[in-house]
Amino acid sequence: MSEGVQTSPAFTKRVFSGIQPSGGLTLGNYLGAIKRFVDMQDSGVETIYCVVDLHAITATLFDPDTLRQQTRELAAGYIASGLDPQKSILFNQSQVAEHTQLAWIFNCVARMGWMKRMTQWKDKAGKNQENASLGLLAYPALMAADILVYHATHVPVGEDQKQHLELTRDIAIKFNHDYGVDFFPITEPVIEGAATRVMSLRDGSKKMSKSDPSDMSRLNMTDDADAIARKIRKAKTDPEPLPDTLEGLDDRPEARNLVNIYAALADIPPEQVIAEHAGQQFGTFKPSLADLAVAKLEPISSEMARLMQDPAEIDAILRGGADRARAIAAPVLERTYEIVGMVR
Ligand code: TRP
């Protein structure tokens, strides 16, 4: 496929990423995505972050009030985590029509074979592909449009989205090649490290998920201090003390997960957590982790609750972000239409 293709130096570095407003936010969303996004906003590069509401309806059509609530809650989660809507552009996808307009062009560039090969399509459509929505199949072409309508060069995502970013590169390459232009950049994925992949508190081999039936398996970004401390105290572990090297965590997925969570929350490498806590029993380590988690997460959950009391304020921020996003996207779409041969 597109291995080894370099981003053309002609494009200025610009970061874009998106999260679906498809349900409650967990520590996994925070450490794996939102916190990384916030950390990038001070790197001197333009950062654009999106609530991808159009992607959220590809698998299920939500109750409209629920979808609105989830969209505002995700926006509140971004802001409460430190995203500054002055520094970064924060908006919801459906307010910038250029995404879907460019997606149509990409629907005509991408091949059916490419789409049907996507593992997320296969997983989500399951055995009954005939009954999956057309939007679910087209999902990665809309994702490519999200990114390329800003000529974004860097996209922070989880490992599970790597294949979609390769498809984004393939779409850019085919478009550029078919029209003999160097118009779309070849986007670089910025994949989360193992240390920010947050696993279930009940089973260290499963990803922490909002859809797990047990609420004890996850920390929600809306949990209060009591809930955070209780879930960490009850987290599954093993009877061994913490080892004195990182390798000592091999084959101890629950212990490794708690060490990784500690490291990510404290913004230190896992090696340092091990160095500082070697030989400790979980009876000692868990209370330290609970204190740290409460200190970092409680201010976020209470700020989210405060923001959610004023939905009009959140909506105003999203509209302001959408205006700024549109100002970048509109000329890119216009030029795309010209390249393709649409009369303007
Ligand atoms: N597909 C991504 C996910 O589920 C969300 C997403 C949509 C996205 N458009 C994007 C991520 C553009 C990065 C860039 O995680």
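So, a few notes on the structure that sits alongside this text. (Residues numbered from 1 in each chain as written. Predicted model: local features only at pLDDT ≥ 70, side-chain atom pairs only at ≥ 80, totals over all residues. Heavy atoms only, no water.)

**Re the pairing of strand β5 (residues 188-191)**
Then, number 1: In this sheet, β5 lies alongside strand β4 (residues 154-157) in parallel orientation, the contact comprising four bridges. Following the sheet pairing, V157 is matched in β5 by I191.
Then, number 2: For the crossover that starts at β4, traverses helix α8 (residues 162-179) and ends in the parallel β5, the hand is right-handed. (Pairing = 2+ DSSP bridges. Helix = DSSP H or I, 4+ residues; strand = E, 2+ residues; numbered from the N terminus. Right-handed = clockwise from strand over helix to strand, strands pointing away.)

**Here's the deal with the packing of helix α10 (residues 253-266) against helix α12 (residues 282-308)**
Then, number 1: For the pair α10 and α12, the least separation of the axes is 10 Å and the interaxial angle reads 35 degrees. Read as a crossing pair, α10 and α12 show a hand that is left-handed. Side by side, α10 and α12 meet where A255, L258, V259, I261, Y262, L265 and A266 of the first sit next to F282, F285, K286, S288, L289, L292, A293, K296 and L297 of the second.
Then, number 2: Of the residues that constitute the contact of α10 with α12, the class distribution is 13 nonpolar, one polar and two charged. (Axes fitted to C-alpha atoms, helices over the stretch in contact; angles between N-to-C directions. Left-handed = near helix turned anticlockwise from the far one by under 90°. Contact = heavy atoms within 4.5 Å. Nonpolar A, V, L, I, M, F, W, Y, C, P; charged D, E, K, R; others polar.)

**Looking at the packing of α10 against helix α11 (residues 270-277)**
When two helices pack together, their arrangement is given by the angle between the helix axes and by the axis-to-axis distance.
Then, number 1: The contact between α10 and α11 brings their axes to 8 Å, and the two run at 110 degrees. Looking at the two axes, α10 sits roughly perpendicular to α11. Contacts from V259, N260, Y262 and A263 of α10 reach α11 at P270, V273, I274 and H277.
Then, number 2: For the contact of α10 with α11, the class distribution of residues is six nonpolar, two polar and no charged. (Parallel < 35°, antiparallel > 145°, perpendicular 65-115°, else oblique.)

**Here we look at a positive patch on the surface**
Then, number 1: Taken together, the side chains of R202, R230, R233 and K234 present a region of like positive charge at the surface.
Then, number 2: As for its position among the elements, R230 is in helix α9 (residues 225-233).
Then, number 3: Given the relative accessible area of 34%, R230 is considered partly exposed. (Patch = residues over 30% accessible without salt bridge, like charges linked within 9 Å, V, L, I, M, F, W, Y side chains within 5 Å. Areas by Shrake-Rupley, 256 points an atom, 1.4 Å probe, with all protein chains shown as cover. Salt bridge = Lys/Arg side-chain N within 4 Å of Asp/Glu carboxyl O. Lys, Arg positive; Asp, Glu negative; His and termini not counted. Charge placed at Lys NZ, Arg CZ, Asp CG, Glu CD. Buried < 20%, exposed > 50% of the residue type's maximum accessible area, 1.4 Å probe, protein only.)

**A word on the pattern of salt bridges**
Then, number 1: Evaluation of the coordinates by the stated rule reveals 19 salt bridges.
Then, number 2: D42 serves as the salt-bridge partner of K87, at 2.9 Å between the closest nitrogen and oxygen. One end of the pair, K87, is in the loop between α3 (64-80) and β3 (89-92); the other, D42, is in the loop between α1 (27-40) and β2 (46-51), with 45 residues separating them in the sequence.
Then, number 3: Residue classification places K87 among the partly exposed residues on the basis of a relative accessible area of 45%.

**Focus: the site of the ligand**
Then, number 1: Near the ligand, the surroundings consist of 13 residues, among which Q20, Y139, M143, D146 and Q161 are the closest.
Then, number 2: Y139 places a polar side-chain atom, nitrogen or oxygen, 2.6 Å from a nitrogen atom of the ligand.
Then, number 3: The set of elements that each furnish at least two residues to the shell around the ligand consists of β1 (14-19), α7 (134-148) and β4.
Then, number 4: Split by residue class, the shell around the ligand holds seven nonpolar, five polar and one charged. (Near = heavy atom within 4 Å. Polar contact = N/O pair within 3.5 Å; in protein donor to acceptor, adjacent residues only side chain to side chain.)

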